[in-house]
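Spelled out, the chains give:
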Amino acid sequence: MKALLVVADGMADRPIKELDGKTPLEVARKPAIDFIAQSGICGIVDVISPGIPPGSDTGNLALLGYDPFKYYSGRGALEAIGWGLEVKKGDVCLRCNFATVDENLIVLDRRAGRISNEDASKLAESLQRVDLSESSVKFTFQNTIQHRAVLVLQGSNLSTAVSDSDPKKIGMKVLEVRPLEKSFEASFTAKILNELMQKFHNVLKNHEVNVDRINRGLPPANIVLFRGAGNIPCIPTLSEIYHVNAASIAATPLVRGVCKVAGMRVLNVEGATGTPQTNYLNKAKAAVQALSEDNALVFLHVKATDVASHDGDYMQKILIIEKIDNMLSYIIDHVNLEEVYIAITADHTTSCVTRNHEGDPVPLAIAGPYVRRDDVKEYNERSCAKGGLGRIKGINVMPTLMNLIGKAEKFGS
Ligand code: ZN
Ligand code: ZN
């Protein structure tokens, strides 16, 4: 027996006035997803805990069975690992933004006009050549998508107990990084980050890419803002817990990072972009392929639903749900339903009205040979609330699946 867990990021929603009080899931035409609900068992999931809006990192960690209150150690490390950087225990990772400041270090644009990947990577290359006064510390700075970047500090005497330099608001001055505890390590790390911030600023100020940007009427990316210092979380892998091989299909660096620390094989799929234009069919094919190989668990993540929700674009969200349905339809047609359990859920609710992650529960449906089928006919927030799984927590989802495929260990004798 095998299991496929499909997570559509932020797919759950709240009723929307313009949709006659329905949610995008209630409006979308989605025969394949409804088939999973009809032939399966349904429920709703408090991914973290009732009323707590999950991030995509904590939400996906929870769905993989890890208690985020116990294992979460910041987004920076997960994003860095997901981007393919080598991160070791004790390294300090930070999330970074290329931003625009004036001569008094007042932030004018936190995203440097959503700078292109091309400009950002030229700048990042120059920043990587900066010398630190402390030779015991090495750093890796890498741009990721648009204005986003990651910074990894490696060496001894480092600490994650440091504040952000990112003031998180325009019109505010860039903050000095401060130690958040009275330790040598925290002061030392703050000093290094302040030095890097200053040296990066000096390189960026007069960089030819920025001169060119100003000439083109674009905001220069003349500073790098740091936030969210964290370590790699030390968690037992899925194969250590359940003795299974697991593979994941996800494009978003953060989610790829979560899957990597869980010990999953993270597959690269052509055309998978983490955007609404992602190649849904290639993702479906990759999932079918991974299930045909030696993987008892395949995790398939789609980011696009969350992107549309943050834009408040409920019509696009409906279309994306229908594309996810096509993806599921291909999978249902190409796997043996006598051997594969298919589960579908979301890592959190993202409201198209508030444009934010919310703490409302998300629907879950699991189809497979031996589930106790219930009366739910449609997959959505309201129908699934009447299902046989009732209301469970995010960390219950993975044990539920592992139990179904015969990989759960008995508690007691
Ligand atoms: Zn998410
Ligand atoms: Zn989101």
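Structure's up top.
Below you will find a few notes about this structure. (Residues numbered from 1 in each chain as written. Chains lettered and ligands numbered in written order. Predicted model: local features only at pLDDT ≥ 70, side-chain atom pairs only at ≥ 80, totals over all residues. Heavy atoms only, no water.)

### Observations concerning the side chain of Thr252
Thinking step 1. With respect to the secondary-structure elements, Thr252 resides in the loop between β8 (246–249) and α10 (253–261).
Thinking step 2. Look past the residues within four positions of Thr252 in its chain and what remains in contact with it is Gly274, His301 and Lys303. (Helix = DSSP H or I, 4+ residues; strand = E, 2+ residues; numbered from the N terminus. Contact = heavy atoms within 4.5 Å.)

### Considering the coordination of the zinc ion (ligand 2)
Thinking step 1. Surrounding the zinc ion (ligand 2) are the protein donor atoms Asp306 (OD), Asp306 (OD), His310 (NE2) and His357 (NE2), at 2.0 to 2.7 Å.
Thinking step 2. One chain supplies every donor for the zinc ion (ligand 2), spaced along it as D-x3-H-x46-H.
Thinking step 3. Judged by relative accessible area, which is 30%, His310 ranks as partly exposed. (Donors = N, O, S within 2.8 Å, 3.2 Å for Na, K, Ca; no water. Buried < 20%, exposed > 50% of the residue type's maximum accessible area, 1.4 Å probe, protein only.)

### Things to note about the coordination of the zinc ion (ligand 1)
Thinking step 1. Every protein donor of the zinc ion (ligand 1) is accounted for by Asp9 (OD), Asp9 (OD), Ser56 (OG), Asp347 (OD) and His348 (NE2), and the metal-donor separations fall at 1.9 to 2.7 Å.
Thinking step 2. Taken in sequence order, the residues that donate to the zinc ion (ligand 1) follow the motif D-x46-S-x290-D-H.
Thinking step 3. The distance between the zinc ion (ligand 1) and the zinc ion (ligand 2) comes to 4.8 Å. Taken together, the residues span a long stretch of sequence, with Asp9 in the loop between β1 (2–8) and α1 (24–27) and Asp347 in the loop between β11 (340–345) and β12 (349–350) at a distance of 338 residues.

### Considering the sheet that holds strand β2 (residues 40–46)
Thinking step 1. Across the sheet, eight strands lie side by side as β9-β8-β10-β1-β11-β14-β2-β15; this open sheet has mixed pairing. Only two strands of the sheet have a single neighbouring strand rather than two, namely β9 (265–267) and β15 (390–393). In this sheet, adjacent strand axes meet at a mean angle of 25° when their direction is disregarded.
Thinking step 2. Each of β8, β9 and β10 (297–302) is contacted by α10, which is oriented at about 150° to β9, the strand it contacts most. (Pairing = 2+ DSSP bridges. Axes fitted to C-alpha atoms, helices over the stretch in contact; angles between N-to-C directions.)

### Looking at the pairing of β1
Thinking step 1. For β1, the buried fraction is high: six of the seven residues fall into the buried class.
Thinking step 2. Where β1 lies against β11, six bridges are found, and the strand directions are parallel. For Lys2, the partnering residue across the bridge sits in β11 and is Val340.
Thinking step 3. Where β1 and β10 come together, six bridges link them in parallel fashion.

### Points about the environment of Asp164
Thinking step 1. With respect to the helices and strands, Asp164 occurs in the loop between β6 (148–154) and α7 (184–205).
Thinking step 2. Separated by 10 residues in sequence, Asp164 and Val174 place their C-alpha atoms 9.3 Å apart.
Thinking step 3. Those residues in contact with Asp164 that lie beyond four places of it in its chain are Leu175, Glu176, Phe226, Arg227 and Gly228.
Thinking step 4. Here the side chain of Asp164 touches Gly228 through a polar contact of 3.0 Å, landing on its backbone nitrogen. (Polar contact = N/O pair within 3.5 Å; in protein donor to acceptor, adjacent residues only side chain to side chain.)

### Considerations on the packing of helix α6 (residues 117–127) against helix α8 (residues 208–215)
Thinking step 1. Across the interface, α6 lies against α8 with an axial gap of 9 Å and an inter-helix angle of 150°. From α6, Asp119, Lys122 and Leu123 reach across to α8, where they touch Val209, Asn210 and Arg213.
Thinking step 2. Each residue belonging to the contact of α6 with α8 can be placed in one class, and the counts come to two nonpolar, one polar and three charged. (Nonpolar A, V, L, I, M, F, W, Y, C, P; charged D, E, K, R; others polar.)

### Thoughts on α8
Thinking step 1. Listed in full, the buried residues belonging to α8 are Val209, Asn210 and Arg213. On an axial view of α8, the arc spanned by its buried residues comes to 95°, and they lie on one face. Facing away from the buried side of α8, by more than 90 degrees, are the exposed residues Glu208, Ile214 and Asn215.
Thinking step 2. On its buried face, α8 is in contact with α6 and α7. (Arc of directions from axis to C-beta.)

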